[in-house]
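# Understanding the architecture of this molecule
What follows is the residue order along each chain.
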Amino acid sequence: MSRVICKSILSPSLTSTQLRTRPLRTAASRASRMAAEAAASSSSSSSSSSSSPSPSSAIDFLTLCHRLKTTKRAGWVRREVHEPESIADHMYRMGLMALIASDVPGVNREKCMKIAIVHDIAEAIVGDITPSDGIPKQEKSRREREALQNMCELLGGGERAKEISDLWMEYEENSSMEAKLVKDFDKVEMILQALEYENEQGKDLEEFFESTAGKFQTDLGKAWALEIASRRRKQ
């Protein structure tokens, strides 16, 4: 695949609004074409391994993931937060949460870190879809699953792609203790960020705290959320 084609398909200059309003079939079809090219390139090399992507597939995948660094989180954009965090910013601090969390019986912290850094990965194609966009939950899930499939194909399939897919599905379906804990981290990171924006920019972001009230599934998530609430009351 030429550099010109790669640049036009994976340009990181798209805004959050453009990504959310752009038809999924456009981004998905482009990713699908790239995946087909990557697969053809990979199959032509006898030295390629099924457990790891080819250099070409890896760089194509990582270039697409650049959008996670440039796409701003839609909730903050809607509230006109100055220089809001990106999707990647959000996932990175969730990964740190998993790293520093106390040990929980039956929970694999390393797996939590992996889930944290892939749980929003499909947003590289579909953007940050929020309830205010008016898209039904089932349709949101369908778009994200299709995007994830295209991204895994772009990576060339194999064990690494399957691992990403399995981790994402586990989170999506809330099917393990690790998924439940990371879902709590997702909410904790959001309200911590809301508190920081309130302190830094003088905004009232109460709606973000209300949206998470009573929804934490783990003792650790509840404890961290209570700490954030306590600090907010003291402001």
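This is a predicted model, so every value here is computed, not measured.

### Some points on helix H6 (residues 87-100)
In an α-helix, one turn spans 3.6 residues; hence positions three or four apart end up facing the same way. An ideal rise of 1.5 Å per residue puts 20 Å on 14 residues; H6 measures up with 21 Å between its terminal C-alpha atoms. Those residues of H6 not exposed but buried are Ile-87, Ala-88, His-90, Met-91, Met-94, Gly-95, Met-97 and Ala-98.

### Considerations on the environment of Leu-195
Along the chain, Leu-195 falls in helix H11 (residues 177-201). Residues Leu-195 and Phe-208 lie 13 residues apart in sequence; the distance between their C-alpha atoms is 9.5 Å. Leave out the neighbours within four places in its chain, and Leu-195 touches Phe-209, Ile-228, Arg-231, Arg-232 and Gln-235.

### Some thoughts on the packing of aromatic side chains
Overall, the coordinates contain three aromatic pairs when judged by the stated rule. Ring geometry for Trp-76 against Tyr-197: centres 5.1 Å apart, planes inclined by 75°, an arrangement best described as edge-to-face. Placement of the pair is Trp-76 in helix H5 (residues 74-78) and Tyr-197 in helix H11, with a sequence separation of 121 residues. Among the residues examined, Trp-76 registers a relative accessible area of 2% and is labelled buried. Since its relative accessible area comes to 5%, Tyr-197 is described here as buried. Among the aromatic residues, ring-to-ring pairing joins Trp-76, Tyr-197 and Phe-208 into one connected group. A cation over an aromatic ring shows up here: Lys-183 above the ring of Tyr-171, its NZ or CZ 4.0 Å from the ring centre. Taking the ring centre of Phe-209 as reference, the NZ or CZ of Arg-232 above it sits at 3.9 Å.

### Regarding the nonpolar core
Note on soluble globular proteins: their nonpolar side chains tend to be buried together. Among the nonpolar cores identified, the biggest contains 51 residues, and Leu-68, Trp-76, Ile-121, Met-151, Val-182 and Phe-185 are the most heavily contacted of them. In terms of residue count, the dominant contributor to this core is H11 (nine residues). Residues in contact with Trp-76, not counting those within four places in the same chain, are Val-81, Pro-84, Glu-85, Met-190, Gln-193, Ala-194, Tyr-197, Leu-205 and Phe-208.

What counts, and where the lines are drawn
Residues numbered from 1 in each chain as written. Predicted model: local features only at pLDDT ≥ 70, side-chain atom pairs only at ≥ 80, totals over all residues. Heavy atoms only, no water. Helix = DSSP H or I, 4+ residues; strand = E, 2+ residues; numbered from the N terminus. Expected span 1.5 Å × (residues − 1). Buried < 20%, exposed > 50% of the residue type's maximum accessible area, 1.4 Å probe, protein only. Contact = heavy atoms within 4.5 Å. Phe/Tyr/Trp six-rings, centres within 6.5 Å; stacked < 30°, edge-to-face > 60°. Lys NZ or Arg CZ within 6 Å of the ring centre and 35° of its normal. Core = buried A, V, L, I, M, F, W, Y, C linked by side-chain atoms within 4.5 Å.

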